[in-house]
Amino acid sequence: MEGIQHKTIIGLASLGYRALAPDLRGYGGTDAPAPIENYTCFHVVGDLIALLDVVTPDQDKVFVVGHDWGAIIAWVLCLFRPDRVKALFNLNVLFIPYNLKFKPVETWQAFFGNYHYVVRF
């Protein structure tokens, strides 16, 4: 872990807070189960709850901060497990309610063209 994330965690720890910045399933040095079906939001939220159970067994609820793609997972965590979240603070990503008709790639392409990172990847 480097940069601002590392400095933020050190700063929070110096104030007596416990901060986690987990790599999500398939990222960094985590396990990467082969079937794509193992990467649903249900699985990722389950991973986060399991992590909280181990790291914060004495706390029912935690403050959650999400950034970029992590913000999307943070919203899903709050929707699926509100019993575990005290408050949510998200940066850099809009909340987009689930809608089968919404096509994110086509939407970003219409607004930003073919070079937007979501369209390119």
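Residues numbered from 1 in each chain as written. Predicted model: local features only at pLDDT ≥ 70, side-chain atom pairs only at ≥ 80, totals over all residues. Heavy atoms only, no water.

Asks: What is the right way to read the packing of helix H2 (residues 41-55) against helix H3 (residues 69-80) from this model?
Replies: In helix packing, the relevant descriptors are the interaxial angle and the interaxial distance, both defined with respect to the helix axes. Contact pair H2 / H3: the axes reach a minimum separation of 10 Å and the direction vectors enclose 80°. When the axes of H2 and H3 are compared, the pair comes out roughly perpendicular. In this structure, H2 contributes Cys 41, Phe 42, Val 44, Val 45, Leu 48 and Ile 49 to the contact, and H3 contributes Ile 73, Val 76, Leu 77 and Phe 80. (Axes fitted to C-alpha atoms, helices over the stretch in contact; angles between N-to-C directions. Helix = DSSP H or I, 4+ residues; strand = E, 2+ residues; numbered from the N terminus. Parallel < 35°, antiparallel > 145°, perpendicular 65-115°, else oblique. Contact = heavy atoms within 4.5 Å.)

Asks: What is the right way to read the pairing of strand E2 (residues 85-91) from this model?
Replies: Consecutive side chains of a regular strand alternate in pointing toward one face of the sheet and then the other. For strand E1 (residues 62-67) and E2, the ladder comprises six bridges, and the chain directions are parallel. Considered in E2, the bridge of His 67 is made with Leu 91. What joins E1 to E2 is H3, and the crossover it makes is right-handed. (Pairing = 2+ DSSP bridges. Right-handed = clockwise from strand over helix to strand, strands pointing away.)

Asks: How do you make sense of the side chain of Thr 56 when you look at a structure like this?
Replies: Among the secondary structure elements, Thr 56 is positioned in the loop between H2 and E1. A distance of 2.7 Å separates a polar atom in the side chain of Thr 56 from the backbone oxygen of Leu 52. Thr 56 has contacts with Arg 18, Val 62 and Arg 84, leaving out every residue within four places of it along the chain. (Polar contact = N/O pair within 3.5 Å; in protein donor to acceptor, adjacent residues only side chain to side chain.)

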